[in-house]
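Fold and geometry: a report
Residue-level listing of the chains:
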Protein chains: 2
Amino acid sequence: MTEPQIQNPQSQIANHKSRSPIGVFDSGIGGLTVVRGLRRRLPGESIIYFGDTARLPYGTKSAETIKRFALEDAEFLVSRGVKLVIAACHSASSVALADLERQLTVPVLGVIEPGARALCAATRSGRVAVIGTGATIRAGAYEQAIRRLRGDVEIVAKATPLFVPLAEEGWLENDVAEAAARRYLAPLVAERIDAVLLGCTHYPLLAPLIGRVLGPGVKLVDSSEETAVAAEAMLGQRDGGMEAGRDEERKAKPGTLSCYLSDLSPNFETIGSRFLGEPLGDVLRVSVGKG
Amino acid sequence: MTEPQIQNPQSQIANHKSRSPIGVFDSGIGGLTVVRGLRRRLPGESIIYFGDTARLPYGTKSAETIKRFALEDAEFLVSRGVKLVIAACHSASSVALADLERQLTVPVLGVIEPGARALCAATRSGRVAVIGTGATIRAGAYEQAIRRLRGDVEIVAKATPLFVPLAEEGWLENDVAEAAARRYLAPLVAERIDAVLLGCTHYPLLAPLIGRVLGPGVKLVDSSEETAVAAEAMLGQRDGGMEAGRDEERKAKPGTLSCYLSDLSPNFETIGSRFLGEPLGDVLRVSVGKG
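Residues numbered from 1 in each chain as written. Chains lettered and ligands numbered in written order. Predicted model: local features only at pLDDT ≥ 70, side-chain atom pairs only at ≥ 80, totals over all residues. Heavy atoms only, no water.

For the rest of this paragraph, the subject is the overall build of chain A. Scanning chain A from terminus to terminus reveals 13 helices and 10 strands. Relative to its 291 residues, chain A shows a buried fraction of 56%. Put simply, 75% of the contacts in chain A that link residues at least 6 apart link residues at least 24 apart. (Helix = DSSP H or I, 4+ residues; strand = E, 2+ residues; numbered from the N terminus. Buried < 20%, exposed > 50% of the residue type's maximum accessible area, 1.4 Å probe, protein only. Contact = heavy atoms within 4.5 Å.)

Put into structure tokens, the structure is as follows:
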């Protein structure tokens, strides 16, 4: 990131805040679906993304280890001058958010709360579902967040782990994906839910298929998209506004995206571009923590 | 492991060698398919298994990191007094075997060579296939091993990554597994191969389905099973015999199995028992390396 030109000391601070990038981290590259949402909603914002591909997945690790990793990831972003840290990783959001809030010098946003809030707003019948990886569903963080917001909803929680490799394989609409979706989602159809939360960074890619299998009466809530909405609100509220896209000059100039990964797996570009919805651009490898 | 009773110094060494357990390590619990093969072929042998579930998967990591992890895993087994170390992990076998052989004080066996040898013996037409995870296929270790053994074979190498989560989900014969197998294996059928190597610890569980899709003219070579065959030969050859099942007394007494994992994920027992083909028994958590 290049520092803005100094006009006078007063405006320097305000500019620095508003023009600073947003930091997003995830255990891998799935968190690029959150970046996609941010770039759609806040095209003037620059973003620094860090994916901890060397240590993924987080979901199978202990809470203590996830907290340590999440803090190391976030501190890397803070060292790059971000004004806001978004934990796009569902496992990190579930177990490490309070620790991050306590220990970081910038505001922090996770994916659980925005998703839960949007799900509660979307349901009419009060019968909702959450789908995610085995680790996310077992942790129950979404269910707890939903219960805190609304005590009267019935929640069906269902692990749908095959959706991750299907998304990574790019099998989004074929017979394999269709058969898996029908098998996983049949219990949700039987429970007559009217809203479902896509509780994993990978799932937005399968949204068209999931929507078709569940039928037109079921609303799909995308945590990645809702987190971008929450980030927009957060930037507008704090310190009298931290949005880069406020003035007309900035609106015309699109924000940049810098990607850092802790390990460059051979197909991160293909998969990453799929999640991001645009080419990934240059990616740098960087080590964080002790490995 | 309890030390054998000392009779006299001479027999102590022989007994120690023959009665010492076999050590098997893997990045996770898929390596239990190798243990299954060992227990079937060498029921008198005791086995110590270590699965590095805290740091899995290895396949996406750099060769340097895989070598370090593999050495730490193997050293844990050696510290438990094993007479032979088997690297059941395909990634570790691909990149770290020479390092292990150089640095360990006990013999080492990987899964690549036994599988490649059996595949070369199985083919008549000289048209063979290797299937495995993306990392294994990209590494090309099986192709190199096959080429060293036989220069005249045509090799189709195909990544079939969804077979891993299908095996872990227990979806071995349903419509999802069937659709995935047909999609992945169609190019192999078109190439008219007559033998296929199951180049991943998870794949033996899907062998019935894979066999059905490929048709009766294609032989399936199971690396896990072939590694057990190689271990049997190795124990018979070295130092005038290291087999525990030699004397009649030992044959009647089945060997024990001790399982160690570096992280206890919530469903390792279900999945582990599926790979092992019998209940997993007690499992201890143990830390190796620096995390």
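A word on the relation of the copies chain B and chain A. The two copies are related by a screw motion: chain B maps onto chain A through a turn of 180° and a shift of 0.1 Å along the axis, at an RMSD of 0.0 Å. As the rotation angle and translation indicate, the two copies are arranged about a two-fold axis. In terms of proximity to the rotation axis, the leading residue of chain B is Val176 of chain B, whose C-alpha is 2.6 Å off the axis. (Least-squares fit on C-alpha atoms with pLDDT ≥ 70 in both.)

All names here are of chain A. Mapped onto the secondary structure, Tyr58 falls in the loop between strand 2 (47-51) and helix 3 (63-79). Residues Tyr58 and Ile112, spaced 54 residues apart in sequence, show a C-alpha to C-alpha distance of 16 Å. In terms of polar contacts, Tyr58 uses its side chain to reach the side chain of Asp52, at 2.5 Å. Reaching out from Tyr58, the side chain makes a polar contact with the side chain of Asp73 at a distance of 2.5 Å. (Polar contact = N/O pair within 3.5 Å; in protein donor to acceptor, adjacent residues only side chain to side chain.)

Attention shifts here to the side chain of Ser91 of chain B. Relative to the assigned elements, Ser91 of chain B resides in helix 4 (residues 90-103). Discounting residues that sit within four places of it in the chain, Ser91 of chain B has contacts with Tyr58, Gly59 and Ile66 of chain B.

It is possible for side chains of opposite charge to pair when their charged atoms get near one another. All names here are of chain B. Within this structure, the stated rule accounts for 36 salt bridges over all chains. Where Arg55 meets Asp52, a salt bridge forms, and the shortest distance between an N and an O atom there is 2.7 Å. What makes Asp52 buried here is its relative accessible area of 1%. (Salt bridge = Lys/Arg side-chain N within 4 Å of Asp/Glu carboxyl O.)

Before going further, it helps to examine the nonpolar core. With 152 residues, the main nonpolar core has Leu38 of chain A together with Leu38 of chain B as its most contacted residues. When near neighbours in sequence (up to four residues on either side) are disregarded, Leu38 of chain B contacts Ile22, Val24, Pro43, Ile47, Ile86, Ala228 and Ala231 of chain B. (Core = buried A, V, L, I, M, F, W, Y, C linked by side-chain atoms within 4.5 Å.)

The next point concerns the sheet that holds strand 10 (residues 283-285) of chain A. Residue and element names in this part refer to chain A. Reading across the sheet, the 6 strands line up as 4-3-1-2-9-10 and stay open at both edges, with parallel pairing between neighbours. Both edges of this open sheet fall to strand 4 (108-110) and strand 10, since each of them pairs with a single strand only. Neighbour-to-neighbour, the strand axes of this sheet turn through a mean angle of 20°, independent of strand direction. Where strand 3 (residues 84-87) lies against strand 4, 3 bridges are found, and the strand directions are parallel. Counted as the bridge partner of Val85 is Val108 from strand 4. Helix-sheet contacts for helix 2 (residues 32-41) involve strand 1 (22-26), strand 2, strand 3 and strand 9 (257-261), and the interaxial angle to strand 2 is about 170°. On top of the sheet, helix 4 (residues 90-103) reaches strand 1, strand 3 and strand 4; it is set at about 165° to strand 4, its chief contact. (Pairing = 2+ DSSP bridges. Axes fitted to C-alpha atoms, helices over the stretch in contact; angles between N-to-C directions.)

All names here are of chain B. Among all positions of helix 10 (residues 207-214), only Ala207, Leu209, Ile210, Val213 and Leu214 are buried. Down the axis of helix 10, the sector holding all buried residues measures 160°, keeping them to one side. Structurally, helix 10 contributes buried residues whose contacts are with strand 5 (127-132), helix 8 (163-169), helix 9 (175-190), strand 7 (195-198) and strand 8 (219-222). The positive-phi residue at the C-terminal boundary of helix 10 is Gly215, with phi of around 95°. (Arc of directions from axis to C-beta.)

Quick look at the interface of chain B and chain A now. Where the parts come together, the accessible area they lose is often given as the size of the interface. Each side of the interface is counted separately: chain B has 24 residues, and chain A has 24 residues. Taken over both partners, the interface formed by chain B and chain A buries close to 2,200 Å², and the fraction arising from carbon and sulfur atoms is 59%. Three residues stand out in chain B for area buried against chain A, namely Leu162, Trp171 and Arg183 of chain B, and they jointly supply 22% of the buried area on that side. Asp175 of chain B is the salt-bridge partner of Arg183 of chain A, the closest N and O atoms lying 2.9 Å from each other. Here chain B and chain A share 4 residue pairs in polar contact (both at pLDDT 80 or more) between them. Per-element tally for the side of chain B that touches chain A: the top contributor is helix 9 of chain B, with 6 residues. For the side of chain B that touches chain A, the class distribution of residues is 13 nonpolar, 5 polar and 6 charged. (Buried area = accessible area lost by both parts, 1.4 Å probe. Nonpolar A, V, L, I, M, F, W, Y, C, P; charged D, E, K, R; others polar.)

Turning next to the sheet that holds strand 7 (residues 195-198) of chain A. Residues and elements named next belong to chain A. Across the sheet, 4 strands lie side by side as 6-5-7-8; this open sheet has parallel pairing. Every interior strand has two partners, whereas the edge strands, strand 6 (154-159) and strand 8 (219-222), have only one. Taking the axes of each pair of neighbouring strands and ignoring which way they run, one obtains an average angle of 20° across the sheet. Strand direction decides the pairing type here: strand 5 (residues 127-132) and strand 7, joined by 4 bridges, are parallel. From the neighbouring strand, Ile131 faces strand 7, where its bridge partner is Leu198. Where helix 5 (residues 112-122) meets the sheet, its contacts fall on strand 5, strand 7 and strand 8, and the angle it forms with strand 7 comes to roughly 165°. The strands touched by helix 9 (residues 175-190) are strand 5, strand 6 and strand 7; relative to strand 6, the strand with the most contacts, the crossing angle is about 170°.

Turning our attention to the side chain of Glu178 of chain A. Residue and element names in this part refer to chain A. Topologically, Glu178 is positioned in helix 9. Side-chain polar atoms of Glu178 contact the side chain of Arg182, separated by 2.7 Å. With sequence-adjacent residues up to four places away left out, Glu178 is seen in contact with Leu209 and Arg212.

Here we come to the packing of helix 3 (residues 63-79) of chain B against helix 4 of chain B. All names here are of chain B. Relative to each other, helix 3 and helix 4 sit at 55°, their axes nearing to 9 Å. Taken as axis vectors, helix 3 and helix 4 run oblique relative to one another. Here helix 3 and helix 4 pass one another in a crossing that is right-handed. Residues Ala63, Ile66, Lys67, Ala70, Leu71 and Ala74 of helix 3 touch helix 4, and the partners they reach there are Ser91, Ala92, Val95, Ala96, Asp99, Leu100 and Gln103. (Parallel < 35°, antiparallel > 145°, perpendicular 65-115°, else oblique. Left-handed = near helix turned anticlockwise from the far one by under 90°.)

Here we come to the packing of aromatic side chains. Tallied over the full model, the rule gives 12 aromatic pairs over all chains. Ring centres 5.3 Å apart and planes at 55° place the aromatic pair Phe50 of chain A and Phe76 of chain A in the tilted group. Of this pair, Phe50 of chain A sits in strand 2 while Phe76 of chain A is found in helix 3, placing the two residues 26 residues apart along the sequence. On the basis of relative accessible area, Phe50 of chain A is assigned to the buried category, the value being 0%. Accessibility expressed as a relative area gives 8% for Phe76 of chain A, which makes it buried. Seen in terms of ring centroids, Phe163 of chain B and Tyr184 of chain B are 5.3 Å apart; in terms of plane orientation they differ by 85°. Their pairing is edge-to-face. Of this pair, Phe163 of chain B sits in helix 8 while Tyr184 of chain B sits in helix 9, placing them 21 residues apart in sequence. Looking at Tyr184 of chain B, the relative accessible area reads 1%, which means it is buried. A connected cluster of aromatic rings, assembled from ring pairs, spans Phe163, Tyr184 and Tyr203 of chain A together with Trp171 of chain B. One residue, Arg55 of chain A, lies across the ring of Phe69 of chain A, its end atom 3.8 Å from the ring centre. (Phe/Tyr/Trp six-rings, centres within 6.5 Å; stacked < 30°, edge-to-face > 60°. Lys NZ or Arg CZ within 6 Å of the ring centre and 35° of its normal.)

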